[in-house]
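Structural overview for review
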Amino acid sequence: DFVLATLESNYSMPINQAKLQKLQQGDKSRIGGKGTPRRKKKVVHKTATDDKKLQNTLKKLGVNNIQGIEEVNMIKDDGHVLHFTNPKVQASLTANTFAIT
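An account of the accompanying structure is given in this report. Chains are numbered independently. Their residues run from 1 in the order of the written sequence. Under the rules for a predicted model, residues below a pLDDT of 70 receive no local features and side-chain atom pairs below 80 are neither given nor counted, while totals for whole chains, interfaces and linings still include all residues. As a rule here, side-chain values come from all non-hydrogen atoms in the structure, and water together with hydrogens is ignored.

1. What about the overall build of the chain?
Think of it this way: any DSSP run of H or I at least four residues long counts as a helix, any run of E at least two long counts as a strand, and we number them from the N terminus. Within the chain, the regular secondary structure consists of 2 helices and 5 strands. Ordering the α and β elements of the chain from the N terminus gives α-α-β-β-β-β-β. Put simply, the chain has 101 residues, and 9% of those count as buried. Of the contacts made within the chain by residues no fewer than 6 positions apart, 29% connect residues no fewer than 24 positions apart. Here the open area of atoms and residues is found with the Shrake-Rupley method and a 1.4 Å probe, where only the protein chains shown may cover a residue. A total accessible area of about 10000 Å² is found for the chain, and carbon and sulfur atoms account for 54% of it. In this scheme, a residue with accessible area under 20% of its type's maximum is buried, one over 50% is exposed, and one in between is partly exposed, where area comes from a 1.4 Å probe on protein chains only. When checking whether two residues touch, look at their non-hydrogen atoms; a contact exists if any pair is within 4.5 Å.

2. Quick notes on the sheet that holds strand β4 (residues 89-92)
Two strands are counted as paired when DSSP detects at least two bridges linking them. Ordered in space as β1-β4-β5, the 3 strands form an open sheet in which the pairing is antiparallel. The sheet is open, and its two borders are formed by β1 (64-66) and β5 (97-100), each paired with just one other strand. The mean inter-strand angle of the sheet, taken between neighbouring strand axes irrespective of direction, is 30°. Bridge count between β4 and β5: 4 bridges; the pairing is antiparallel. Paired with Val 89 across the bridge in β5 is Ile 100. To obtain an axis, a line is fitted to C-alpha atoms, over the contacting stretch when the element is a helix, and the angle between two such axes runs from 0 to 180 degrees between their N-to-C directions.

3. Comments concerning the side chain of Gln 90
In this fold, Gln 90 is placed in strand β4. For Gln 90, a relative accessible area of 6% puts it in the buried group.

4. A few points about the side chain of Ser 92
Mapped onto the elements of the fold, Ser 92 is located in strand β4. Separated by 3.1 Å, the side chain of Ser 92 and the backbone oxygen of Leu 61 make a polar contact. In contact with Ser 92, not counting residues within four places along its chain, are Leu 61, Gly 62, Val 63 and Thr 97. Two N or O atoms form a polar contact when they lie within 3.5 Å of each other; inside protein one atom must be a possible hydrogen donor and the other a possible acceptor, and for residues adjacent in sequence the pair counts only when both atoms belong to side chains.

5. Overview of the pairing of strand β3 (residues 81-85)
Bridging between strand β2 (residues 71-75) and β3 involves 5 bridges; their strand directions are antiparallel. Looking at the pairing, Glu 71 lines up with Thr 85 of β3. Between β2 and the antiparallel strand that follows it, β3, lie 5 residues; Gly 79 among them carries a positive phi value of about 100°.

6. Describing the environment of Thr 101
Within the secondary structure layout, Thr 101 lies in the segment after β5. Between the C-alpha atoms of Thr 101 and Lys 88, which are 13 residues apart in sequence, the distance is 5.2 Å. Beyond its immediate stretch of four places on either side in the chain, Thr 101 contacts Pro 87 and Lys 88.

7. Some points on helix α2 (residues 49-61)
Taking 1.5 Å per residue as the helical rise, α2 with its 13 residues ought to reach 18 Å, and the 18 Å between its terminal C-alpha atoms agrees with that figure. Following α2 by one or two positions, Gly 62 adopts a phi angle in the positive range, close to 75°. Expected span, for any helix, means 1.5 Å times one less than how many residues it has.

8. Concerning the environment of Ile 100
Positionally, Ile 100 belongs in strand β5. Separated by 16 residues in the primary sequence, Ile 100 and Phe 84 place their C-alpha atoms 8.7 Å from one another. Leave out the neighbours within four places in its chain, and Ile 100 touches Val 72, Met 74, Phe 84, Pro 87, Lys 88 and Val 89.

This is the structure we're talking about:
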């Protein structure tokens, strides 16, 4: 009832090399697993968790805002100068900590 047909080895299917390379590099457009649809681009939601963590840590240290500072110059060991104009300076004298943002 069943007929098994085999392709002869001299027959080769034309392959688009650019498409093959794209497939072999991995599918970056697929976000989930095997059954999820493809998307045009992967959307990365930016969160402000780093800023929130920093503010919470500074709050635990008990920092206070220092008003009236117009500029800050920080000189590195190699001689380069980091210059901040109108920075927000917070300090905790008990923890010997200064935060410049």
